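As a plain string of letters, each chain reads:
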Amino acid sequence: MLSCTVLMLLTGCDKVKNQTTDGRLVLVQTVKENDVANVATYPGRTRAANEANVSFRVSGTLLKVSVHTGDHVRRGQVIAQMDDRDYRVQLAAAEAEYTQVKAEANRVMALYADSVGTANNYDKARYGLQQITQKLQHCKDQLNDCLLRAPFDGYVQNVLHDAHETVGSGMPVLSLIGQGQTEVVINIPASENLRSDQFSSFSARFDVLPGEQFPLTLLSIARQANVNQLYEVRLALQGDHPQITPGMSSMVQITFRDDDSKPALVPLSAVCRTGDASAVFVYADGRIHRTAVTLGRVHNNGNVEIVKGLKAGDQIVVSGVNTLTDGEAVRPAAQPSKTNVGGLL
C-alpha cells in the first residue's frame, strides 16, 4: 500500500516536471490587418520650382546692383553690372591684333593663290587668323559677361553683394526664385518609400489657410536617402494659388490605394531590435521563430505597422521578447476573458 502511494507521488512529480520543462509561458497574439484609414501625414515646406544663385562668369568689381530684395524681374533683364574697364582694354588690344594678323594672312594667302607662296606659309597664316578670331570673340564675350541678366521671370530673394565689392567668377551675387508653379517638399522614411507604388493621391493643408485643402501632384522621389535616412518627395501644387508663397509650412497627407496589400498591425512590445534590424517571434507548433520585419508607421495606440515579414493570422509573442531565443519551446498563456479584467477570476 505504501509502495503504491510512493509510486503515485513520484509519477505526479514527473508530470509536474514535464509540464514545467515543456517551455515557459508566453503571451501570444494573432496578427490583425491594419483597419485604420490608409493615410499618412508628414510636415512639408513650400519652395519655388525655380531657384538660382546667379553669378558673373568673370571676376572684377561690382559697379552697380540694379535690383533690391523682393523686386520682380524679367528673363534677360540686367540685374547687376561689373566694372568693365579692364575688359574693354583687352577687347581693344584684341581688335588691333586681329586687324594686323588678318592683313598679313590675306597677303600670304593671296601669294599662295598666285602660286608664289609656300603651302607652309599658307597654313600658318590660315591657322593664325583662326586663332586671333577666337581670341577676339572671347574678349567680346567677357565684356558682355560684365552684365548679369536674370535667367528667368521671378523675384529677387536676396542680394548677397553690394556695389564696389570685388567678386570672383562663379561667386553668387543674387538669389532668385521663379514665379509660377510652387512645390511642396516632404521627407518620408524608408518604410513609406517601399510602399511608394501604392501612393494614390496627395493633398496639403496650411495653418494660415484654415479649412482649405490643396491637391498635389507627385513630381519625384529621391532615389537615395539623406543623412537622416529619409527620402525627399517633391510635389507640385495644382492650379494657381498666389496666396501660397515659398517657405510656408504645411501638412501633407498621402493616401494609399485601398487594396489587399495593407500592412499588418502589431503591438510595439512585440518588436525586438538588433542594431538597425527589427524582428518578431512567430509562434507555431510549440516553438517560436525569430522573423525579420520591416516597420511602418507607429500609431498613437501603441501599435506599429509591419510593411514586410508578417501577414494577418500569424501568431506572435507580444511581451518579454528580449529574453527569448530563436527556436525556443514555449507555451501560450491563456488569454483572460474581456469581462475578467486582469485575469483575476
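So, a few notes on the structure that sits alongside this text. If you're wondering where the values come from, they're calculated on a predicted model, not measured in any experiment. (Residues numbered from 1 in each chain as written. Predicted model: local features only at pLDDT ≥ 70, side-chain atom pairs only at ≥ 80, totals over all residues. Heavy atoms only, no water.)

1. Digging into the side chain of R195
Here is the rule: What counts as a helix is a DSSP run of H or I of at least four residues, what counts as a strand is a run of E of at least two, and both are numbered from the N terminus. Exposed residues in this analysis have more than 50% of their type's maximum accessible area, buried residues have under 20%, and partly exposed residues fall in between, with area computed by a 1.4 Å probe over protein chains only. A contact between two residues is defined here by any heavy atoms of the two lying within 4.5 Å.
Mapped onto the secondary structure, R195 falls in the loop between helix 4 (190-193) and strand 14 (199-206). For R195, a relative accessible area of 2% translates into the label buried. Residue contacts for R195: discarding those within four places in its chain leaves N38, F256, P263, E305 and V307.

2. Re the packing of aromatic side chains
Note the following rule: Between the rings of Phe, Tyr and Trp (Trp by its six-membered ring), a pair exists once the centres lie within 6.5 Å; its type follows the angle of the planes, with under 30 degrees stacked, over 60 edge-to-face, and the other angles tilted.
Evaluation of the coordinates by the stated rule reveals four aromatic pairs. Summarising the aromatic geometry, the rings of Y112 and Y122 are spaced 4.5 Å apart at their centres and angled 25° between planes, so their arrangement reads as stacked. Remark: Y122 occurs in helix 3 (residues 119-144) and Y112 occurs in helix 2 (residues 85-113); sequence separation between them is 10 residues. Owing to a relative accessible area of 36%, Y112 belongs among the partly exposed residues under this scheme. Owing to a relative accessible area of 23%, Y122 belongs among the partly exposed residues under this scheme. In textbook terms, an aromatic cluster arises when at least three aromatic residues are bridged by ring pairs, as seen for F199, F202 and F256.

3. A short note on the pattern of salt bridges
Two side chains that carry opposite charge are able to pair once their charged atoms sit near each other. The following threshold applies: For this document, the term salt bridge refers to a Lys or Arg side-chain nitrogen within 4 Å of an Asp or Glu carboxyl oxygen.
Taken as a whole and judged by the stated rule, the model has 12 salt bridges. Between K135 and E97 there is a salt bridge; the shortest N-O distance is 3.0 Å. Highlighted residues: K135 in helix 3 and E97 in helix 2, separated in sequence by 38 residues. Its relative accessible area of 40% is what places K135 among the partly exposed residues. A salt bridge links K311 to D314; the shortest N-O distance between them is 3.2 Å. We classify K311 as exposed; its relative accessible area is 54%. For D314, a relative accessible area of 16% gives the class buried.

4. Considering the environment of D162
Note that D162 resides in the loop between strand 10 (154-159) and strand 11 (166-167). Distance from D162 to K64, taken between C-alpha atoms, is 7.5 Å for residues 98 residues apart in sequence. With near-sequence residues (within four places) excluded, D162 lies in contact with L62 and V65.

5. Some thoughts on the environment of S249
Relative to the helices and strands, S249 is located in strand 17 (residues 249-256). If near-sequence neighbours (up to four positions away) are discounted, S249 is found in contact with G44, R45 and F206.

6. Remarks on the sheet that holds strand 10
What counts, and what does not: At least two bridges found by DSSP between two strands are what make those strands a pair.
Ordered in space as 5-12-10-7, the four strands form an open sheet in which the pairing is antiparallel. Because the sheet does not close on itself, it has two edges, and the strands there are strand 5 (51-55) and strand 7 (72-73). For strand 10 and strand 12 (residues 172-178), the ladder comprises five bridges, and the chain directions are antiparallel. When the sheet's bridge partners are listed, V159 is paired in strand 12 with L174.

7. Here's the deal with the pairing of strand 16 (residues 230-237)
Here seven bridges tie strand 13 (residues 182-189) to strand 16, and the two strands are oriented antiparallel to one another. Each residue of the ladder has a partner; that of P189, found in strand 16, is L230. When strand 15 (residues 209-221) meets strand 16, the two strands line up antiparallel, connected through five bridges. Pairing of T217 across the sheet is with A236, part of strand 16.

8. Quick look at unusual backbone geometry
Not every positive phi belongs to a glycine, and Q229 is a case in point at roughly 60°. For D285, which is not glycine, the phi torsion reads 55° and is therefore positive. Here D285 is to be found in the loop between strand 20 (277-284) and strand 21 (287-298).

9. Some details on helix 2
Counted only if it meets this: Helices are assigned an expected span. That span is 1.5 Å times one less than the residue count.
With 29 residues, helix 2 extends 42 Å from end C-alpha to end C-alpha; this agrees with the ideal 42 Å at 1.5 Å per step. When helix 2 is considered as a whole, its buried residues turn out to be Y87, L91, A94 and A105. Looking at the buried positions of helix 2, the neighbouring elements they touch are helix 3. Among the residues trailing helix 2, S115 stands out with phi positive, at a value near 65°.

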